[in-house]
Amino acid sequence: MSKGKQLWPGDEMLAFFRAHIRRETSLDSDTTEKLAAALTRATNRMLVWEVPVEVEEAPPAAVPAQPQKSDEIQERHDRAENFNPYLFSALVALAKHGSEGLMLRLKDIKTAENLRAFAEAQHVPVDPSLKRTDEIRKAIVAGVERRLADRKAAAS
């Protein structure tokens with residue numbers, strides 16, 4: 001099997017999505033561009049084995065540098081605007097200090113909005129139906145424990 005090629009958000013990834021959409025669908029040009037741009041914004045990086053010929057020949061196109069956030073996420077970030085969700089790494093706190101240590105760090109975060117912003121920034125899924133801060137903290141700890149267990153399993 002040949003070595004894959006890693007694509008990052010930008011012109012090359014946009015061209016990759018555009019070429020595949022054109023080849024596999026009958027969408028009009030505007031819809032193709034919108035879908036390719038949305039997929040590029042939603043993808044951090046990807047490893048591909050098949051690069052369409054059109055990608056190598058495609059002229060560069062403008063892609064927004066910053067992914068656009070949905071209204072709900074943007075509203076949450078606006079409410080938590082003075083909060084730094086990268087204050088500490090939840091994964092490192094769990095690995096070094098255990099679940100109790102992580103819970104102590106999370107108790108410094110007082111509002112549900114800030115806890116949700118923290119969880120989102122740390123890539124920890126939290127059920128949107130949870131409303132109380134102590135429930136959200138428990139969900140964050142459980143999610144980080146799953147991530148750490150997944151990393152340890154992948155490393156073994």
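Above: the structure in question.
As the structure is a prediction and not an experimental result, all values here were calculated from the model. (Residues numbered from 1 in each chain as written. Predicted model: local features only at pLDDT ≥ 70, side-chain atom pairs only at ≥ 80, totals over all residues. Heavy atoms only, no water.)

Caption draft 1: The nonpolar core, seen in detail. If you look at the biggest cluster of nonpolar residues, it comprises 24 residues, and the most contacted ones within it are Leu102, Leu106, Phe118, Ile140 and Val144. Elements supplying a minimum of two residues to this core: α5 (90–106), α6 (112–121) and α7 (133–155). It is α5 that provides the largest number of residues to this core, a total of 7 residues. Residue contacts for Leu106: discarding those within four places in its chain leaves Phe88, Leu115, Phe118, Arg137, Ile140 and Val141. One finds Leu14, Ala37, Met46 and Val48 within the second-largest nonpolar core, a separate group that totals 10 residues. (Core = buried A, V, L, I, M, F, W, Y, C linked by side-chain atoms within 4.5 Å. Buried < 20%, exposed > 50% of the residue type's maximum accessible area, 1.4 Å probe, protein only. Helix = DSSP H or I, 4+ residues; strand = E, 2+ residues; numbered from the N terminus. Contact = heavy atoms within 4.5 Å.)

Caption draft 2: Layout of unusual backbone geometry. A positive phi angle is found at His123, which is not glycine, with a value near 60 degrees. Summarising the element assignment, His123 is placed in the loop between α6 and α7.

Caption draft 3: Fine view of a nonpolar patch on the surface. On the surface, Leu27, Leu35 and Leu39 cluster together to form a nonpolar patch covering roughly 210 Å² of accessible area. Mapping Leu35 onto the fold places it in helix α2 (residues 29–42). (Patch = residues over 30% accessible without salt bridge, like charges linked within 9 Å, V, L, I, M, F, W, Y side chains within 5 Å. Areas by Shrake-Rupley, 256 points an atom, 1.4 Å probe, with all protein chains shown as cover. Salt bridge = Lys/Arg side-chain N within 4 Å of Asp/Glu carboxyl O.)

Caption draft 4: The arrangement of the pattern of salt bridges in detail. Overall, the coordinates contain 5 salt bridges when judged by the stated rule. The salt bridge partner of Lys5 is Glu12, with a shortest N-O separation of 2.3 Å. For Lys5, a relative accessible area of 36% translates into the label partly exposed. Of the charged contacts in the structure, one is a salt bridge between Glu33 and Arg18, with a shortest N-O distance of 2.6 Å. Here Glu33 is found in helix α2, whereas its partner Arg18 is found in helix α1 (residues 11–24), with 15 residues between them in sequence. For Glu33, a relative accessible area of 26% corresponds to the partly exposed category. Arg18 gets classed as buried once you look at its relative accessible area, which sits at 7%. The network of salt bridges with common partners includes Arg18, Arg22 and Glu33.

Caption draft 5: The environment of Leu148, seen in detail. Inspection of the secondary structure assignment puts Leu148 in helix α7. Spatially, the C-alpha atom of Leu148 lies 9.9 Å from that of Ala90, the residues being 58 residues apart in sequence. Filtering out sequence-adjacent residues up to four positions away, Leu148 remains in contact with Leu91, Leu94 and Ala95.

Caption draft 6: Focus on the side chain of Arg137. Relative to the assigned elements, Arg137 resides in helix α7. One buried charge, Arg137, has no salt-bridge partner; the nearest side chain with opposite charge is Asp134, at 6.0 Å. A distance of 3.1 Å separates a polar side-chain atom of Arg137 from the backbone oxygen of Leu106. With residues up to four places along the chain from it excluded, the contact list for Arg137 reads Met103, Leu106, Lys107, Ile109, Lys110 and Leu115. (Lys, Arg positive; Asp, Glu negative; His and termini not counted. Polar contact = N/O pair within 3.5 Å; in protein donor to acceptor, adjacent residues only side chain to side chain.)

The analysis is restricted to geometry; functional conclusions fall outside its scope.
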